[in-house]
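Now for the letters of each chain:
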Amino acid sequence: AQSVAQPEDQVNVAEGNPLTVKCTYSVSGNPYLFWYVQYPNRGLQFLLKYITGDNLVKGSYGFEAEFNKSQTSFHLKKPSALVSDSALYFCAVRDEGYQKVTFGTGTKLQVIP
Amino acid sequence: IAGITQAPTSQILAAGRRMTLRCTQDMRHNAMYWYRQDLGLGLRLIHYSNTAGTTGKGEVPDGYSVSRANTDDFPLTLASAVPSQTSVYFCASSDHAGGPVREQFFGPGTRLTVL
């Protein structure tokens, strides 16, 4: 079985400050990890993914995520938050031996001007 | 390029009625998915199709059916709608041709209310 947890329903950060959105996962094999963003009344958009290799993955809009195998985490980060980053963020995981992707419950990011 | 289109955008439906949500993609992706999004529950997979002619059950398939007659279309049917099927429904697709781990592309969603 595979699962993913986003422990924070909402994260508030001031514009210009660094942001972190947390994600932890559980798989039986090697994980494939994804981050998606959802703006109001829109579908999800892909941000970045970890398959293998470098633990620091860079994605769209200046976002990056760090894969930590020992802590089973894949936190999303950005050095300097923008008001336009305010959205709902979803972490997702797929076990290498499993076809389907499991999504987290989402974290609402609010960037305060 | 439109990507993925869904119709209708929103719908209010009486309980017991039959409803088909339409999904079409123009990216020639082989895999397609239907999710429902509910507050506090995130996205849950209803049904999926790895290639035209095949379908599979996801996490919450009861009360829903799908078909995949061709690559582009993946309709979702509620045979007899119930209020618990009130949700936002997203169709997605991905291309497995380049390897097994590809991101998904999502449609704009259909907001369904069952009264």
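Right, let's walk through the structure included here. Computed from a prediction, not measured in an experiment: that's the story for all the values here.

## Considering the overall build of chain B
Part 1: A tally of regular secondary structure across chain B gives zero helices and eleven strands.
Part 2: Helices and strands appear in chain B in the N-to-C order β-β-β-β-β-β-β-β-β-β-β.
Part 3: Taking 2.2 N^0.38 as the reference for a compact globule, 115 residues should give roughly 13 Å; the C-alpha atoms of chain B span a radius of gyration of 13 Å, in line with that estimate.
Part 4: When its C-alpha atoms are laid out on the principal axes, chain B stretches across 45 × 30 × 25 Å.
Part 5: Within chain B, the fraction of its 115 residues that count as buried is 50%.

## Details of the state of the cysteines
Part 1: The final tally for this structure, using the stated rule, is two disulfides over all chains.
Part 2: Two residues, Cys23(A) and Cys91(A), share a disulfide whose sulfurs are 1.9 Å apart. Residues Cys23(A) and Cys91(A) are joined through a disulfide that is left-handed, its torsion about the S-S bond being -65°. On the criterion of sequence distance, the pair formed by Cys23(A) in the loop between strand S3 (19–21) and strand S4 (24–26) and Cys91(A) in strand S10 (residues 87–95) is long-range, its members being 68 residues apart.
Part 3: Covalent S-S linkage joins Cys23(B) and Cys91(B), the inter-sulfur distance amounting to 1.9 Å. Classification of the bridge connecting Cys23(B) and Cys91(B) rests on its S-S torsion, roughly -70°, and on that basis the disulfide is left-handed. Residue Cys23(B) is found in strand S3 (residues 19–25), and its partner Cys91(B) is found in strand S9 (residues 87–94); the two are separated by 68 residues along the sequence.

Calculation criteria
Residues numbered from 1 in each chain as written. Chains lettered and ligands numbered in written order. Predicted model: local features only at pLDDT ≥ 70, side-chain atom pairs only at ≥ 80, totals over all residues. Heavy atoms only, no water. Helix = DSSP H or I, 4+ residues; strand = E, 2+ residues; numbered from the N terminus. Rg over C-alpha atoms; globule rule 2.2 N^0.38 Å. Buried < 20%, exposed > 50% of the residue type's maximum accessible area, 1.4 Å probe, protein only. Disulfide = S-S within 2.5 Å.

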